[in-house]
Amino acid sequence: MSMAPSVWMKFRCELRVRWLAWIALGLLVGVVAGGVIVAAAGARRTASANERFRDELRSYDVVLQPNCEAADEYQDSSDCLRTVANLPAVADSAVVSTFDGFIATEGGRSLQPEPSDPCYSG
């Protein structure tokens, strides 16, 4: 004699008595599965955010400020920059000029690190 009909009957009886618990369990599983899917989609988008940002703004990968000294005399800075640009690992290069300025509040408090303290320790 097969036990399948008796097991099925027991399951139906349990389902009639505890239908609310089964619905709650189904909702809980659905909410958790939805949260996992949302977290995975967010992680995938976050992982590609840096590449999309870099591609959109064509930002720098590396900024190099070479100090070109040869023995006792300085080389021409354009010669040094040309040497760096011709390195095998360099795909593209550009010359960028920077400007140092002092920015302060109306009260005179500095808003950027002091030149003598580049890590702004205080």
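The residue numbers shown here count from 1 along each chain, following its written sequence. Per-residue local features are limited, in this predicted model, to residues with pLDDT of at least 70; the limit for side-chain atom pairs, both in listing and counting, is 80 or more; totals at the level of whole chains, interfaces and linings are taken over all residues. Only hydrogens and water are removed before side-chain values are computed, so all heavy atoms of the structure are retained for them.

Draft legend 1. Spatial organisation of the packing of aromatic side chains. Side-chain rings of Phe, Tyr and Trp, where Trp is taken by its six-membered ring, are said to pair if the distance between their centres is within 6.5 Å; with planes under 30 degrees apart they count as stacked, over 60 as edge-to-face, and otherwise as tilted. The tally for this structure, following the rule as stated, stands at two aromatic pairs. Between Phe11 and Trp22 the ring centres are 6.2 Å apart and the planes differ by 70°, which places this aromatic pair in the edge-to-face class. You can see Phe11 sitting in helix 1 (residues 4–17) and its partner Trp22 sitting in helix 2 (residues 19–57), a full eleven residues away along the chain. Each residue gets one of three labels from its accessible area relative to the maximum for its type: buried under 20%, exposed over 50%, partly exposed in between, using a 1.4 Å probe on protein chains only. Among the residues examined, Phe11 registers a relative accessible area of 35% and is labelled partly exposed. Each helix is a run of DSSP H or I of at least 4 residues and each strand a run of E of at least 2, with the numbering of both proceeding from the N terminus.

Draft legend 2. The arrangement of a nonpolar patch on the surface in detail. Patch definition: residues with relative accessible area over 30% and no salt bridge; like charges joined within 9 Å; nonpolar side chains (Val, Leu, Ile, Met, Phe, Trp, Tyr) joined within 5 Å. To be clear on the numbers: accessible area is Shrake-Rupley with a 1.4 Å probe, and residue cover counts the displayed protein chains and nothing else. Whenever a carboxyl oxygen of Asp or Glu lies within 4 Å of a side-chain nitrogen of Lys or Arg, that contact is scored as a salt bridge. A cluster of nonpolar side chains, Trp8, Phe11, Leu15, Trp22, Leu25, Leu28, Val29, Val32 and Val36, forms an exposed patch at the surface whose accessible area comes to about 880 Å². For the nonpolar patch, the elements supplying multiple residues, two or more each, are helix 1 and helix 2. Here the nonpolar patch takes six residues from helix 2, the largest share from any one element. Note that Leu28 resides in helix 2. In this structure Leu28 comes out as exposed when scored by relative accessible area, which is 53%.

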